[in-house]
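What follows is each chain in one-letter form.
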Number of protein chains: 2
Amino acid sequence: MFGRTYYCGEITEKSIGENIILKGWVQKRRDLGGLIFIDLRDRSGIVQVVFNPDFSEEALRIAEGVRSEFVLDISGTVVERDSGTVNPNIKTGKIEIHAERIEILSSSKTPPFMISDQTDEVAEDVRLKHRYLDLRRPAMFDTFKMRHNVTKSIRNFLDDHGFLDVETPILTKSTPEGARDYLVPSRVHEGQFYALPQSPQLFKQLLMVSGFDRYYQIARCFRDEDLRADRQPEFTQIDIEMSFMSQEEIMALSEQMMAKIMRETKGIELNLPLPRMSYDEAMNSYGSDKPDVRFDMLLTDVSSLVRDSDFKVFSGAVQSGGVVKAINVKAAADKYSRKDIDALGNYVGNFGAKGLAWLKVEEGELKGPIAKFFNSEAQSSLTSTLHAEAGDLFLFVADKKEVANDALGALRLKLGKELQLIDESKYNFLWVVDWPLLEYDEEEGRYYAAHHPFTMPAREDLDLIETNPAAMKAQAYDLVLNGYELGGGSVRIFEKEIQEKMFTLLGFSKEEAEEQFGFLLQAFEYGTPPHGGIALGLDRLVMLLAGRSNLRDTIAFPKTASASDLLTEAPGEVSKDQLDELNLQLKEKALKK
Amino acid sequence: MFGRTYYCGEITEKSIGENIILKGWVQKRRDLGGLIFIDLRDRSGIVQVVFNPDFSEEALRIAEGVRSEFVLDISGTVVERDSGTVNPNIKTGKIEIHAERIEILSSSKTPPFMISDQTDEVAEDVRLKHRYLDLRRPAMFDTFKMRHNVTKSIRNFLDDHGFLDVETPILTKSTPEGARDYLVPSRVHEGQFYALPQSPQLFKQLLMVSGFDRYYQIARCFRDEDLRADRQPEFTQIDIEMSFMSQEEIMALSEQMMAKIMRETKGIELNLPLPRMSYDEAMNSYGSDKPDVRFDMLLTDVSSLVRDSDFKVFSGAVQSGGVVKAINVKAAADKYSRKDIDALGNYVGNFGAKGLAWLKVEEGELKGPIAKFFNSEAQSSLTSTLHAEAGDLFLFVADKKEVANDALGALRLKLGKELQLIDESKYNFLWVVDWPLLEYDEEEGRYYAAHHPFTMPAREDLDLIETNPAAMKAQAYDLVLNGYELGGGSVRIFEKEIQEKMFTLLGFSKEEAEEQFGFLLQAFEYGTPPHGGIALGLDRLVMLLAGRSNLRDTIAFPKTASASDLLTEAPGEVSKDQLDELNLQLKEKALKK
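Quick notes on the rules
Residues numbered from 1 in each chain as written. Chains lettered and ligands numbered in written order. Predicted model: local features only at pLDDT ≥ 70, side-chain atom pairs only at ≥ 80, totals over all residues. Heavy atoms only, no water. Helix = DSSP H or I, 4+ residues; strand = E, 2+ residues; numbered from the N terminus. Buried < 20%, exposed > 50% of the residue type's maximum accessible area, 1.4 Å probe, protein only. Areas by Shrake-Rupley, 256 points an atom, 1.4 Å probe, with all protein chains shown as cover. Pairing = 2+ DSSP bridges. Contact = heavy atoms within 4.5 Å. Axes fitted to C-alpha atoms, helices over the stretch in contact; angles between N-to-C directions. Domains from an automatic or database assignment. Polar contact = N/O pair within 3.5 Å; in protein donor to acceptor, adjacent residues only side chain to side chain. Salt bridge = Lys/Arg side-chain N within 4 Å of Asp/Glu carboxyl O. Phe/Tyr/Trp six-rings, centres within 6.5 Å; stacked < 30°, edge-to-face > 60°. Lys NZ or Arg CZ within 6 Å of the ring centre and 35° of its normal. UniProt positions renumbered as here; feature names shortened; annotations may be inferred. Least-squares fit on C-alpha atoms with pLDDT ≥ 70 in both. Patch = residues over 30% accessible without salt bridge, like charges linked within 9 Å, V, L, I, M, F, W, Y side chains within 5 Å. Lys, Arg positive; Asp, Glu negative; His and termini not counted. Charge placed at Lys NZ, Arg CZ, Asp CG, Glu CD. pLDDT = per-residue confidence, 0-100.

## A closer look at the overall build of chain A
- Scanning chain A from N- to C-terminus turns up 18 helices and 23 strands.
- Projected onto its principal axes, the C-alpha coordinates of chain A cover approximately 90 × 75 × 60 Å.
- The buried share of chain A, reckoned over its 593 residues, is 60%.
- Accessible area for chain A stands at about 24600 Å²; split by element, carbon and sulfur atoms hold 46% of it.

Pasting the structure below:
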């Protein structure tokens, strides 16, 4: 085997006259009057190879047998193309290779789909079943190169800042708090199970107890949840923890890291510090805890303006403790018919809203079926509060505050996309801060940790822990990019007493807390530094930076929405011997299958 | 919280006069006539902090309450020590800190063992249960820093050589060939299971089919085996694969990587190319496929010299198809009494040898109970073949070749250690090449793959695949360091027909091969490049470079020989609800517990 001298896409005019050796796949073969042209592809790009009896009759003869996706080993000379045949669409379009030798290393059946970035025609399950072909598409390779470069930036940054890459266990203990665990039966310990980690949270905290001071890991995490379009059963998180650092210091370091990533992978210079928004403002003005701040159309509370109006839907909502909130869709009055607005009404229904009221702004007055309920004073206060101009469209939801925020927040995003208000070239980072510590689940009548049970309350709120826990804020922060949650972090509880109180608040009995988290509580008794950290979703970060719209495109061998790998056909059946060794049996229903 | 200005161990005389802030753990507190001395420790080392009423009465008062392993935040001034109190044993021994402020960030109970590198007194299970304390020992941190630096070297090398870091699935398909899989029941697909990967072998080959060309991953792998001292249920492998490269090219690149690691982590310059030895020579001369070449004492086949001797043990062994092999333990005749040699005889019994014969070399003749069976000609041929000098000790095993090699190979290592023949400062790398492709299991009457089923036979042996498969060599190579197998690799089969023949040889029916490896065979039909790679054990590499004798010391949260995590108490019991969701039940025996 002769050694490759260049990748296909990296040959430039500088090499004209050189004898070179290439290895690659046949993208396309064309026969033209006794000549054969092959577009040879490797991960770097494509180059045109010409077979001509004048260069080598034998090579031409072999090239005749070549088909798409054959793997070739070619020797030849780099030649400048005639000006008439220059191809400006590819990097190597000014040159071509005159082939003197060709060896077919591997042949190919006709693939089930063309290797091309245009895949709209190909069903995703076909692509996933033949993932090895799907990954040949240039856009896919570029995404994984981006992923490589992102992790490289991260590792270099963290290494420069004294962080140690430490691996934590994949076979660990089940902690029912949180999402559902994947379980792994133990063969040695009958009837016992490992769990795959939902995150390395406790291990990284223990490393702080160990004095490791600064830890990171590009960590695989697992959640056995019902999958949505943007979830995977296994995902990767940039997991960071540090000791003796305040929330401000952790955030400053995290955004420096993000700035380096953006500089090195996108050539974009971030302005630091990154903007911040309180959780309350995010919910109130954007109807979301991960606001997309690339466009405005903020949610405005107009409750006080409509509390006494004759429109009972509005006044009734406010008087029963709810709110009336509005968005002003600028210059959209003419773009949305009554029918269109009805459809938007159905859309907000998905978020629990009972209806969508609207008004159109005309010169000097508001129009629409409900306009009559508002006298000119009310109309003018609405117009001024919503910064209205002629041609604007007001959309209202009157409901409980949470429902109004959810519904209008979702509607805002939908309209932002429809009306192309979003500059897709922007990368708008945002910290969301001042999170509540707890969420109250009314159905279950209990608190859940808004972040996780190890998050430190704001120091000034600590005395509320007994009296008014719902009012406590957390020392937590989420990093949001373009409306996606990249991840979040917190300062952690490092005092045993506070951690125990937190478990109690979350409904753990003393025995349950001891059973599940005893080792952590015990560790806290032996000199624990103040510590905190952050965890960012690598898959999602890469998705956004590579301009993809699907997490599956950022994972080499992803799973479907039913958690299947269509390529290897996992999960699959196992033998009875394997189960016997684990002392397990399937229950009736599955056995029957 | 005030920001730290230095790590404890990094303050030098250059900082004399500076006001500094330190955070750390109390290694030791001493009270001396109204003064308090605290040795403050962080991951970088130790510095002495002095509390004196002249610096701060309040600080002194607080320091009185401080105990071992308390976490402190201290402000003070760097001061040169009096020449009489300089401590040459620590890096910061020429300075001390005069404390002006101290805050106790966290207190500590008396730990179950001292934080010290001297742990001989502490049972390992106590250390593992309190791993967060065990990891505070400086030698432990240094090991994980070494691990960090080793992976950094590897990543930088591979990045510079165009390798892409790609993550492959942890939830994958069970392949019963090889070791036992860890299984993960699927909740969505009733009665079906994922398996944790024993290695990313098939995925990395598929990435080559995808044209990724050069892949690497620091990959977690899993084997549910009965654990030995140097095995862990999860371990980490440096996993590398590349396309269009010959065995020579892959080995050359791998050893360049190893040279970079050694240079950057140990300051040692390797001589490349690394030495090579054939599998046959390794077995014959060292009785091992991973010879420790830091010392000689080679195994010598003396069958032809003793075939006709009157000593029936020797002549009988040779005449019935076995061998007589010897080692010459230089200058050891006086060191081993008959009783000592009897003990060595018992030792080789562990490897199946029926006995150990011996002769001592004296000036001009051989002595010992069996000397009488050898006439002077035979004695002189033994003496010259074994390069004997007066005072040497010959040890013989007469048995089947495999038994003789095993037994003498193990004995050689034992004696090498006992007689301190091994220079522990040496790092002797060695490639073992020319492996057989197959191993024949006489009990089961079938072949196993010596490497794995995807290893390419030597091209020149391909026609033996039908006629004499046992004689086929593999395009495989193992990298050995100081008698440990660091890992190995091979050129892979990339032609469907050869792979199918290989599966047949290994006893797979066509259906079984299709069922388990159909996706690979199918992928090979769509243009597969020649490819190969290597996988090296990171845990073991770090163990050797950090001078540790135990894999557990290189893993932050390791498991015991019964695959338990003593810290988190994994594995553990799970709820019936969790099992119900997985449609599983424990069998009778476990339920009773």
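## Quick look at the sheet that holds strand 16 (residues 393-399) of chain A
Residue and element names in this part refer to chain A.
- On the basis of which strands lie adjacent, the open sheet formed by five strands has the order 12-13-16-14-15 and antiparallel pairing. Edge strands, defined here as strands with exactly one partner in the open sheet, are strand 12 (300-301) and strand 15 (365-367).
- Both strand 14 (residues 357-362) and strand 16 contribute to a ladder of four bridges, which runs antiparallel. Looking at the pairing, leucine 359 lines up with phenylalanine 394 of strand 16.
- Strand contacts of helix 11 (residues 376-385): strand 12, strand 14, strand 15 and strand 16, with the helix running at about 90° to strand 15, the strand carrying the most contacts.
- Sitting on the sheet, helix 12 (residues 401-418) is in contact with strand 13 (323-329) and strand 16, with an inclination near 10° to strand 13.

## Things to note about the domain arrangement of chain A
- When its domains are assigned, chain A resolves into domain 1 (13-106), domain 2 (127-271 + 529-576) and domain 3 (295-422).
- Taking the mean C-alpha position of each, domain 1 of chain A and domain 2 of chain A sit 41 Å from one another.

## Regarding the side chain of A:Asn482
All names here are of chain A.
- By the element assignment, asparagine 482 lies in the loop between strand 20 (476-481) and strand 21 (484-491).
- Judged by relative accessible area, which is 7%, asparagine 482 ranks as buried.
- A distance of 3.0 Å separates a polar atom in the side chain of asparagine 482 from the backbone oxygen of lysine 426.
- Not counting chain neighbours up to four residues away, the residues in contact with asparagine 482 comprise Asp292, Arg294, Lys426, Tyr427 and Asn428.

## Observations regarding the environment of B:Val542
Residues and elements named next belong to chain B.
- Its location among the elements puts valine 542 in helix 16 (residues 538-545).
- Among the residues examined, valine 542 registers a relative accessible area of 0% and is labelled buried.
- Setting aside residues no more than four positions away along its own chain, valine 542 makes contact with Thr143, Met146, Arg147, Val150 and Thr554.

## Description of the sheet that holds strand 5 (residues 95-106) of chain A
All names here are of chain A.
- Ordered by their spatial adjacency, five strands build a closed barrel running 1-2-3-5-4, and the pairing between neighbours is mixed. Taken over all neighbouring pairs, the strand axes of this sheet differ in orientation by 55° on average, direction set aside.
- Judged from the ten bridges that link them, strand 4 (residues 71-80) and strand 5 form a sheet pairing that is antiparallel. Within strand 5, the residue paired with aspartate 73 across the bridge is glutamate 103.

## Focus: the interface of chain B and chain A
- In this assembly, 129 residues from chain B lie in contact with 129 residues from chain A.
- The interface formed by chain B and chain A includes 18 salt bridges.
- A salt bridge links A:Asp159 to B:Lys152; its shortest N-O distance comes to 2.8 Å.
- Where chain B touches chain A, the interface holds 69 residue pairs in polar contact (both at pLDDT 80 or more).
- Broken down by element, the residue count for the side of chain B that touches chain A peaks at ten residues, all from helix 4 (residues 138-160) of chain B.

## A look at the packing of aromatic side chains
- With the rule as written, the count across this model stands at 40 aromatic pairs over all chains.
- Judged by centre distance (5.2 Å) and plane angle (50°), the ring pair of B:Phe314 and B:Phe396 falls under tilted. Here B:Phe314, found in helix 9 (residues 312-319), pairs with B:Phe396, found in strand 16 (residues 393-399); they are 82 residues apart in sequence, far enough to count as distant. This pair shows no difference in class: B:Phe314 is buried, exactly as B:Phe396 is.
- Taken together, A:Phe311, A:Phe314, A:Phe373, A:Phe374, A:Phe394 and A:Phe396 form an aromatic cluster joined through their ring pairs.
- Against the face of A:Tyr347 rests A:Lys414, its NZ or CZ located 4.8 Å from the ring centre.

## Considerations on the UniProt feature "binding site: L-aspartate" (unreviewed entry) in chain A
Residues and elements named next belong to chain A.
- Per the UniProt record, "binding site: L-aspartate" (unreviewed entry) is found at Glu177, Arg223, His451 and Arg492.
- By the element assignment, arginine 492 lies in the loop between strand 21 and helix 14 (496-505).
- With residues near it in sequence (within four places) discarded, arginine 492 still touches Gln201, Lys204, Gln205, Ile240, Glu241, His452, Phe454, Met456, His531, Gly532, Gly533 and Ile534.

## Side note on the environment of A:Leu520
Residues and elements named next belong to chain A.
- On the secondary structure map, leucine 520 appears in helix 15 (residues 510-523).
- When its relative accessible area of 0% is taken as the criterion, leucine 520 is described as buried.
- Each C-alpha atom of the pair leucine 520 and glutamate 443 lies 30 Å from the other, and the pair is 77 residues apart in sequence.
- Among all residues touching leucine 520, those that are not within four sequence positions of it are Leu202, Gln205, Leu206 and Phe454.

## Re the pairing of strand 18 (residues 438-441) of chain A
Residue and element names in this part refer to chain A.
- For strand 18 and strand 19 (residues 446-449), the ladder comprises four bridges, and the chain directions are antiparallel. Looking across to strand 19, one finds that aspartate 441 is bridged to arginine 446.
- As consecutive antiparallel partners, strand 18 and strand 19 are separated by four residues, and within that stretch glycine 445 has a phi angle of approximately 60°, a positive value.

## Focus: the relation of the copies chain B and chain A
- Of the transformation placing chain B onto chain A, the axial shift is 0.0 Å and the rotation is 180°, giving an RMSD of 0.0 Å. Here the copies are linked by what is in effect a two-fold axis.
- A shared interface surface links the copies, since 100% of the contact residues of chain B are contact residues in chain A too.

## Describing a negative patch on the surface
- Residues A:Glu511, A:Glu512, A:Glu514, A:Glu515, B:Glu569 and B:Glu573 make up a contiguous surface patch of negative charge.
- Tracing the backbone shows A:Glu514 in helix 15.
- Exposure remark for A:Glu514: the relative accessible area of 48% places this residue in the partly exposed category.

## So, the pattern of salt bridges
- Going through the model one piece at a time under the given rule, you end up with 94 salt bridges over all chains.
- Between B:Arg147 and A:Glu167 there is a salt bridge, with its nearest N and O atoms 2.5 Å apart. On the criterion of chain membership, the pair formed by B:Arg147 in helix 4 and A:Glu167 in the loop between strand 6 (164-165) and strand 7 (183-185) is interchain, its members lying in two chains. When sorted by exposure, B:Arg147 lands in the same class as A:Glu167, which is buried.
- Put simply, A:Glu269 and A:Arg263 hold a salt bridge, and the shortest N to O gap is 3.0 Å.
- Residues joined by salt bridges that share partners form a network here, namely A:Arg147, A:Arg220, A:Glu234, A:Asp539, A:Lys559 and B:Glu167.

## Thoughts on the pairing of strand 20 of chain A
All names here are of chain A.
- With six of six residues buried, strand 20 lies mostly within the body of the structure.
- Here strand 20 shows a buried face lined by Ala476, Asp478 and Val480 and a second buried face lined by Tyr477, Leu479 and Leu481.
- Pairing of strand 17 (residues 429-433) with strand 20 involves five bridges; the strand directions are antiparallel. Counterpart to valine 433 in the pairing with strand 20 is tyrosine 477.
- With six bridges joining them, strand 20 and strand 21 adopt antiparallel strand pairing. Bridge pairing in strand 21 links alanine 476 to serine 490.

## Digging into the confidence of the model for chain A
- On average, residues of chain A score 95 in pLDDT, and 98% of them reach the 70 mark or higher.
- On the interface metric, ipTM, the complex scores 0.95, and its pTM is 0.96.

## Here we look at helix 5 (residues 201-209) of chain B
- Summarising burial for helix 5 of chain B: nine of the nine residues are buried, a large majority.
- All buried positions along helix 5 of chain B are accounted for by B:Gln201, B:Leu202, B:Phe203, B:Lys204, B:Gln205, B:Leu206, B:Leu207, B:Met208 and B:Val209.
- Those residues of helix 5 of chain B that are buried lie in contact with strand 1 (19-32) and helix 3 (131-134) of chain A together with strand 9 (214-222), strand 10 (234-243), helix 15 (510-523) and strand 22 (531-537) of chain B.
- Backbone geometry just after helix 5 of chain B places B:Gly211 at a positive phi near 80°.

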